[in-house]
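Each chain is listed here by its residues.
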Amino acid sequence: MSSATASNQILQPEKRRRGEGKGSSFFAIGRDVWEALWSVPTTNRLNLVLTYFTLLAGTGSDHRLTKWSASACEQYLGIGKPRAKHAIDELIGGSLIKHTENSTRLSPQYELPTLPLEAEPIFLPVQALTGLKGENPIFRRVRETGDAMLLRMLVDLYGMVDTDATFGVPIASLRNGSHANSEVVSRKVAQVGVHAVWALEEGTYQSAGGDWALRHVSESRKGGGYDWTKFWERVAQLKQIGAIYYEPWLFEGAEMDAEPLMPLDPAGLYQVSERDDGGRLTKLAYDAAYALVSEERPYVFENSGADYFVPLPLHHQPPALRGVARLRVEADTPGRRLAWKRRRTLVENWEKALTQLQSDAQQGLFDRPMQLAAKRSSR
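Keep in mind that this is a model prediction, so the values were computed, not measured.

J.: Describe in detail the sheet that holds strand β7 (residues 187-192), supporting the description with residues and values.
T.: The antiparallel open sheet is built from three strands, whose spatial order is β7-β8-β14. Since the sheet does not close on itself, it has two edges, and those belong to β7 and β14 (308-313), each with one partner. Mean inter-strand twist for the sheet, computed between neighbouring axes without regard to direction, equals 25°. Across five bridges, the pairing between β7 and strand β8 (residues 195-200) is antiparallel. Along β8, the bridge assignment pairs Arg187 with Ala199. On top of the sheet, helix α10 (residues 277-293) reaches β7, β8 and β14; it is set at about 70° to β14, its chief contact.

Okay, here's the thing in structure tokens:
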């Protein structure tokens, strides 16, 4: 399952203006307001927070003024107008929104808090509220669970996204791997010239950390410590409703701050009509590794139990395979576009390096190092 943004598979933009201003395919919420939404008195926390998001999604580029109201809550989230109006009254009572001077009973307009400049806000995709083409919106699916803390988890994950090439949740906060004791399950299965071939296995073990996760755990009644059952139930539910997924990535090593090397995809080793970049790299890596060792040791690939074979320079430390938690519907922010550019550059460099390595191996040339770094143009 891949991510989607405003650049593909979305509903056509509405003709009506969002509040005042040009608007965008994402909206932003200050972290101070995000915390306040969980302390304002309310009879229904889920309705309150989602109603605020609906108003915020209807703002323009200033993220301040909106004409979206109870009707939009009903249209996108299935919250009936009486309940949506009640939530709006609670937001007004909690000083989180207010009517503007131009607001009327038949045509309300609301003013929302100014985004603070001293802290990075949380960016959310409008399509999480309005929906991708042919799908119920992610926020509507969350509302249908009846679990307000599931919404909290989802938005907290949006707030943690790294703008590196993975554009995912930091691996120290949430990831999956092979097993609890060691994430370095890579095995060096061959050494040819200045190259080594590593075999790697996927796993289903999940790990998480950080204050954000502790909101979803409780003290264990058995021997102290914490009970993480509810936390992992919520993670599983976000996966089930299609809000998050894990993308396999090869990392330089086992450290939490190890650099991501390249995305992978096990589907790359099967006959498919079209491979994504992870699938192409997986196939190229396998073909290059096979070209290195096939003549003398083809048994390396037989009954290995490995999901991936990746060639790396001989001096390279043992790599690690991890599943990076990603949001399926992404906010199309400048940071996201920069991350996409980094990913494309990384993928292109690996495609060139692996293609060259395969060609060299087929010619019996095993002493030419892989050229992984991008060449810089001289000025």
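Further notes follow.
J.: Explain the pairing of β8 to me, using residue names and the numbers behind them.
T.: Among the six residues of β8, six are classified as buried, and the element is accordingly described as predominantly covered. Side chains of β8 alternate between two faces, with His195, Val197 and Ala199 and Ala196, Trp198 and Leu200 buried alike. Connecting the antiparallel pair β7 and β8 is a turn made up of two residues, with Gly193 showing a positive phi of about 60°. Looking at chain direction, β8 and β14 are connected through six bridges and run antiparallel. Residue pairing for β14: Ala196 is matched across the bridge by Leu312.

J.: Go over the nonpolar core, please, and point to the residues and values.
T.: Ile29, Leu37, Tyr52, Phe53, Phe139, Leu154 and Leu157 are the most contacted members of the largest nonpolar core, which totals 63 residues. Contacts of Phe53, omitting those with residues within four sequence positions, involve Phe27, Ile29, Trp34, Leu124, Leu129, Phe139, Leu151 and Val155. Met262, Ala285, Ala291 and Ala306 belong to the second-largest nonpolar core, a separate cluster that totals 41 residues.

J.: Outline the sheet that holds strand β12 (residues 244-251), supporting the account with residue identities and numerical values.
T.: On the basis of which strands lie adjacent, the open sheet formed by five strands has the order β9-β6-β15-β12-β13 and antiparallel pairing. At either margin of the open sheet sits one strand with a lone partner, and together these are β9 (205-208) and β13 (260-263). Taken over all neighbouring pairs, the strand axes of this sheet differ in orientation by 40° on average, direction set aside. Seen against the sheet, helix α11 (residues 334-362) touches β12, β13 and β15 (320-327) and runs at an angle of roughly 80° to β13.

J.: Can you lay out the environment of Pro369 for me, pointing to particular residues and giving the numbers?
T.: Inspection of the secondary structure puts Pro369 in the segment after α11. The spacing of Pro369 and Gly193 is 176 residues in sequence and 9.0 Å in space, taken between C-alpha atoms.

Rules and cut-offs
- Residues numbered from 1 in each chain as written.
- Predicted model: local features only at pLDDT ≥ 70, side-chain atom pairs only at ≥ 80, totals over all residues.
- Heavy atoms only, no water.
- Pairing = 2+ DSSP bridges.
- Helix = DSSP H or I, 4+ residues; strand = E, 2+ residues; numbered from the N terminus.
- Axes fitted to C-alpha atoms, helices over the stretch in contact; angles between N-to-C directions.
- Contact = heavy atoms within 4.5 Å.
- Buried < 20%, exposed > 50% of the residue type's maximum accessible area, 1.4 Å probe, protein only.
- Core = buried A, V, L, I, M, F, W, Y, C linked by side-chain atoms within 4.5 Å.

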